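# Chains, contacts and geometry: an overview
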Amino acid sequence: MGSMAEIHKTTMQPAKLELLTAWLPTRHWHVGAGTPALVKSGGFRLDDPDGEVGIELMVVTDLAGPVPVAYLVPMTYRGARVEGLDHALIGTSEHGVLGMRWLYDAAHDPVFIEQAALLLTGKATPQDQNTSDTPDLTVHVVPGDILTPAPGFRPTVIDTDAHTDIAFDSDRSTNAGAELIRVHRRLATGRSLGRDRSHLDAPWSAPDGTTPRGIFLSAP
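Okay, so let's go over this structure. Bear in mind the structure is a predicted one, so any value in this text is a computation, not a measurement. As a convention, each chain's residues are numbered from 1 in the sequence order in which they are written. Reporting of local features is limited, given that this is a predicted model, to residues whose pLDDT is at least 70; pairs of side-chain atoms are given and counted only at 80 or more, and all residues count toward the totals for whole chains, interfaces and linings. For the side-chain quantities, the full set of heavy atoms in the structure was used; hydrogens and water were omitted.

### A short note on helix H1 (residues 16–23)
In an α-helix, one turn spans 3.6 residues, which is why side chains three or four residues apart end up on the same side. Only protein chains enter the accessibility calculation, which uses a 1.4 Å probe. A residue is then buried if its area is under 20% of the maximum for its type, exposed if over 50%, and partly exposed in between. Runs of H or I in DSSP of at least four residues are treated as helices and runs of E of at least two as strands, each being numbered from the N terminus. Within the sequence span of H1, burial applies to Lys 16, Leu 19, Leu 20 and Trp 23. For H1, the buried positions fall inside an angular range of 95° around the axis, keeping them on one side. By arc we mean the arc of the directions from the helix axis to the C-beta atoms, nothing more.

### Some words on the sheet that holds strand E10 (residues 179–184)
By the convention used here, strands pair only if DSSP detects at least 2 bridges between them. The strand order across the open sheet built from six strands is E7-E11-E12-E10-E9-E8, with neighbouring strands paired in antiparallel fashion. Each of the sheet's edge strands pairs with one partner strand only, and the pair in question is strand E7 (140–142) and strand E8 (156–159). On average, each strand axis in the sheet is inclined to that of its neighbour by 20°, with strand direction left out of account. Sheet topology note: the E10/strand E12 (residues 213–219) ladder contains two bridges and is antiparallel. Each residue of the ladder has a partner; that of Arg 182, found in E12, is Ser 218. The contact criterion used is simple: two residues touch if any of their non-hydrogen atoms lie within 4.5 Å. Axis lines are fitted to C-alpha atoms, over the contacting stretch for helices. Their N-to-C directions set the angle, which ranges from 0 to 180 degrees. Sheet strands touched by helix H2 (residues 110–120): E7, strand E9 (163–168), E10, strand E11 (198–203) and E12. Its angle to E12, the strand with the most contacts, is close to 105°.

### A short note on the side chain of Gln 115
Along the chain, Gln 115 turns up in helix H2. What Gln 115 contacts, discounting residues up to four positions off in sequence, is Leu 46, Asp 47, Pro 49, Ile 55 and Ala 124.

### What to know about the nonpolar core
For soluble globular proteins, the rule of thumb is that nonpolar side chains tend to be buried together. We call a set of buried Ala, Val, Leu, Ile, Met, Phe, Trp, Tyr and Cys residues a nonpolar core when their side-chain atoms join them within 4.5 Å. Counting 32 residues, the largest nonpolar core has Phe 44, Leu 57, Phe 112, Leu 200, Phe 216 and Leu 217 as its most contacted members. Listed by contribution, the elements that provide at least two residues to this core are strand E2 (38–46), strand E3 (54–62), strand E4 (69–78), H2, E9, E10, E11 and E12. Considering each element in turn, this core owes the most residues, seven residues, to H2. Counting 14 residues, the second-largest nonpolar core is a separate cluster that includes Leu 19, Leu 20, Leu 38 and Met 58.

### What to know about the pairing of E10
Pairing analysis gives six bridges linking E9 to E10, with the strands arranged antiparallel. Counted as the bridge partner of His 163 is His 184 from E10.

### With respect to the pattern of salt bridges
The term salt bridge refers to a pairing of a side-chain nitrogen on Lys or Arg with a carboxyl oxygen on Asp or Glu at a separation within 4 Å. One pass over the structure, following the stated rule, counts eight salt bridges. Note that Asp 109 and Arg 78 form a salt bridge whose closest N and O atoms lie 2.9 Å from each other. Of the two residues, Asp 109 is situated in the loop between strand E6 (99–105) and H2 and Arg 78 in strand E4; the sequence distance between them amounts to 31 residues. According to the relative accessible area criterion, Asp 109 is buried, its value standing at 0%.

### Some points on unusual backbone geometry
In this structure, Asp 133 takes a positive phi of about 55° despite not being glycine. Along the chain, Asp 133 turns up in the loop between H2 and E7.

### Remarks on H2
For H2, the tally of buried residues reaches eight of eleven residues, placing the bulk of the element in the interior. Taken residue by residue, H2 has Phe 112, Ile 113, Gln 115, Ala 116, Ala 117, Leu 118, Leu 119 and Leu 120 as its buried positions. Following H2 by one or two positions, Gly 122 adopts a phi angle in the positive range, close to 85°.

### Looking at the packing of aromatic side chains
Paired rings are identified among Phe, Tyr and Trp, the last through its six-membered ring, by centres lying within 6.5 Å, and are further divided according to the angle between planes into stacked (under 30 degrees), edge-to-face (over 60) and tilted (the rest). For the coordinates displayed, the defined rule picks out five aromatic pairs. For the pair Phe 44 and Phe 216, a centre-to-centre distance of 6.2 Å together with 25° between the ring planes defines the contact as stacked. Of this pair, Phe 44 sits in strand E2 while Phe 216 is found in strand E12, placing the two residues 172 residues apart along the sequence. Residue Phe 44 is classed as buried on the basis of its relative accessible area, which comes to 0%. Taking the centre distance of 5.8 Å and the plane angle of 55° together, the rings of Phe 153 and Phe 168 count as tilted. Pair noted here: Phe 153 is in the loop between E7 and E8 and Phe 168 is in strand E9, with a separation of 15 residues, a long-range link. Judged by relative accessible area, Phe 153 falls into the buried class, the value being 13%. Grouping aromatic residues by their ring pairs yields a cluster made of Trp 23, Trp 29 and Tyr 71.

What follows is the structure, given as structure tokens:
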């Protein structure tokens, strides 16, 4: 199977936004009370070199509160349950072409983590969210010397009130510490990166019709 993800024009039941409406309030970085009112606001995809796992970095905006809040939700789509990833399961959905899919919080999925590390080194290409085999040129990457995960690595994932930190052992045996990738969960414009070695920024669609940009991923 080729490495490029094919985008199918079909349905998923339940829809991704339905699954996220139930899952989002269980996250430490979610703000507000009650049931979210989610709309899809952008994002992009990454390719799995083995062609088996779908990878999408979706932006959803919660309109339920007094101020809209944009969240980044990276997800992986798999054709079977993954042993040891039950804690990261967002839900299951019937895909109109591919059948039953297991949707996982990608911050815990080794396939996403490896591709995110390559992305932050400039060695992976962001793909359009809705069109097959089409790079997303709106995504900007400032690459850095990010270490790639060691074979068979197990990530340590920590949720804070604004982001998710993914730590993993690198493939360089001389490296004393773990590598860190930060997923910026609540998106905001104008955020200073300080001394972050690498970061990725991208646009999303705001409810007022503007197209803000903000940091999606970084390597502190």
